[in-house]
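Report on the structure
If you want the building blocks of each chain, they are given just below.
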Amino acid sequence: MTPAVFSSPLLALALSFALPATALAQGVWKCEIDGQTRYTDRPCPDRGASLSPQRLQANVADAPRQPASSTVSAALAAAKPTAAEPPANVCPSSTELRDMETRASSTSLSTEARQFMIDEIRRARQCAKGQGRYTEADWRISREAQAAQSSNSGAYEARLRAEGMHSAADPEEGTRIARQREQETAAQAQAARRAWREQQRQRNLPGSP
């Protein structure tokens with residue numbers, strides 16, 4: 001058997017598994033040759049000591065070990081990040097929804113305010129069906145906007161705040177609001193062009209200044 005060189009005495013444990021049973025029965029020598037530690041089945045030519053099989057296996061832990069597959073599975077499970085549960089979706093109650101429907105039918109509301117109230121009712125129903133992710137603070141913004149619709153000032157700004165909140169809480173509603181704003185902008189531009197053409201026509205009438 002060719003002597004093998006080991007960099008650490010801790011590898012004696014590995015040697016106990018690598019050497020055949022007959023070699024362990026004959027004996028193993030730990031030798032120092034040219035400043036290096038070697039393990040061999042032959043007596044040392046200079047300095048060394050005979051090692052018994054019990055000494056070679058003394059580092060084996062007595063505690064039971066988990067199978068390698070179980071250890072790997074446990075390590076992967078511990079390293080895997082736990083997905084955070086989405087926050088609860090807070091929605092207006094059925095009683096509040098009925099109150100919203102009553103306010104939306106008020107004849108004192110402007111056309112824009114009434115449409116906003118109808119939109120808020122639709123969004124509240126969508127929330128109850130699980131669409132979007134709303135908090136109590138979100139619906140507080142909605143309630144403030146609803147209350148502002150009966151006022152002569154601040155109604156438009158309140159609607160914008162509420163629509164911004166809905167856009168953040170519900171991507172689908174945000175897309176719908178953006179499309180609605182584009183349509184309103186296009187309609188306003190078209191109305192401005194009609195007004196300009198009407199002014200030009202009035203100037204070209206006979207007797208116009």
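Please refer to the structure higher up on the page.
Bear in mind that the values here come from a model prediction, so they are computed numbers and not experimental data.

**Here we look at the overall build of the protein chain**
Regarding its fold elements, the protein chain presents nine helices and four strands. Secondary structure of the protein chain in N-to-C order comes out as β-α-α-β-β-β-α-α-α-α-α-α-α. Looking at the protein chain as a whole, 25% of its 209 residues qualify as buried. Within the protein chain, contacts between residues at least 6 apart in sequence are counted, and of these 54% link residues at least 24 apart.

**With respect to helix H7 (residues 136-148)**
In a regular helix each residue adds 1.5 Å, so 13 residues correspond to 18 Å; H7 covers 19 Å between its end C-alpha atoms and thus fits that length. Within H7, burial applies to Asp138, Trp139, Ser142, Ala145, Gln146 and Ala148. Looking at the packing, one finds that the buried side of H7 touches helix H5 (94-104), helix H6 (111-128) and helix H8 (155-169).

**Describing the packing of H5 against H6**
Two elements in contact, H5 and H6, have axes separated by 9 Å at closest approach and are oriented at 160°. If you check the angle between H5 and H6, you find them roughly antiparallel. For the crossing formed where H5 meets H6, the hand is left-handed. In this structure, H5 contributes Leu97, Met100, Glu101, Arg103 and Ala104 to the contact, and H6 contributes Arg114, Met117, Glu120, Ile121, Ala124 and Arg125.

**What about H6?**
Each full turn of the α-helix corresponds to 3.6 residues, which orients residues three or four apart in the same direction. Taking 1.5 Å per residue as the helical rise, H6 with its 18 residues ought to reach 26 Å, and the 26 Å between its terminal C-alpha atoms agrees with that figure. Turning to H6, its buried residues are Ala113, Phe116, Met117, Asp119, Glu120, Ile121, Arg123, Ala124, Gln126 and Cys127. Those residues of H6 hidden inside the fold are in contact with H5, H7, H8 and helix H9 (171-203).

**Digging into the environment of Pro171**
Tracing the chain through its elements places Pro171 in helix H9. According to the relative accessible area criterion, Pro171 is exposed, its value standing at 60%.

**Considerations on the packing of H6 against H8**
Here H6 crosses H8 at 25°, and the two axes come no closer than 12 Å. When the interaxial angle is binned, H6 and H8 end up roughly parallel. Considering only the axes of H6 and H8, their crossing is left-handed. Contact with H6, carried on its side by Glu112, Ala113, Phe116, Glu120 and Arg123, involves Arg159, Ala162, Glu163 and His166 of H8 and no other residues of that element. Residues that form the contact of H6 with H8 fall into these classes: three nonpolar, one polar and five charged.

**Examining the pattern of salt bridges**
Opposite charge on two side chains permits them to pair, given that their charged atoms come into close proximity. Applying the stated criterion across every chain yields a total of nine salt bridges. For the salt bridge of Glu173 with Arg122, the shortest nitrogen-to-oxygen distance reads 2.9 Å. Residue Glu173 is located in helix H9, and its partner Arg122 is located in helix H6; the two are separated by 51 residues in the primary sequence. A salt bridge links Arg143 to Glu136, with the nearest nitrogen and oxygen atoms 3.0 Å apart. On the basis of relative accessibility, which here comes to 31%, the residue Arg143 falls in the partly exposed class. Judged by its relative accessible area of 39%, Glu136 is partly exposed. Taken together, the salt bridges that share partners define one network made up of Asp119, Glu120, Arg122, Arg123, Glu173 and Arg176.

**What about the pairing of strand E3 (residues 36-40)?**
In the sheet, strand E2 (residues 28-33) pairs with E3 via five bridges, with the strands oriented antiparallel. Bridge pairing in E3 links Glu32 to Thr37. In sequence, E2 turns back onto E3 through a hairpin of two residues, with Asp34 there showing a positive phi of about 55°.

Definitions and cut-offs
Residues numbered from 1 in each chain as written. Predicted model: local features only at pLDDT ≥ 70, side-chain atom pairs only at ≥ 80, totals over all residues. Heavy atoms only, no water. Helix = DSSP H or I, 4+ residues; strand = E, 2+ residues; numbered from the N terminus. Buried < 20%, exposed > 50% of the residue type's maximum accessible area, 1.4 Å probe, protein only. Contact = heavy atoms within 4.5 Å. Expected span 1.5 Å × (residues − 1). Axes fitted to C-alpha atoms, helices over the stretch in contact; angles between N-to-C directions. Parallel < 35°, antiparallel > 145°, perpendicular 65-115°, else oblique. Left-handed = near helix turned anticlockwise from the far one by under 90°. Nonpolar A, V, L, I, M, F, W, Y, C, P; charged D, E, K, R; others polar. Salt bridge = Lys/Arg side-chain N within 4 Å of Asp/Glu carboxyl O. Pairing = 2+ DSSP bridges.

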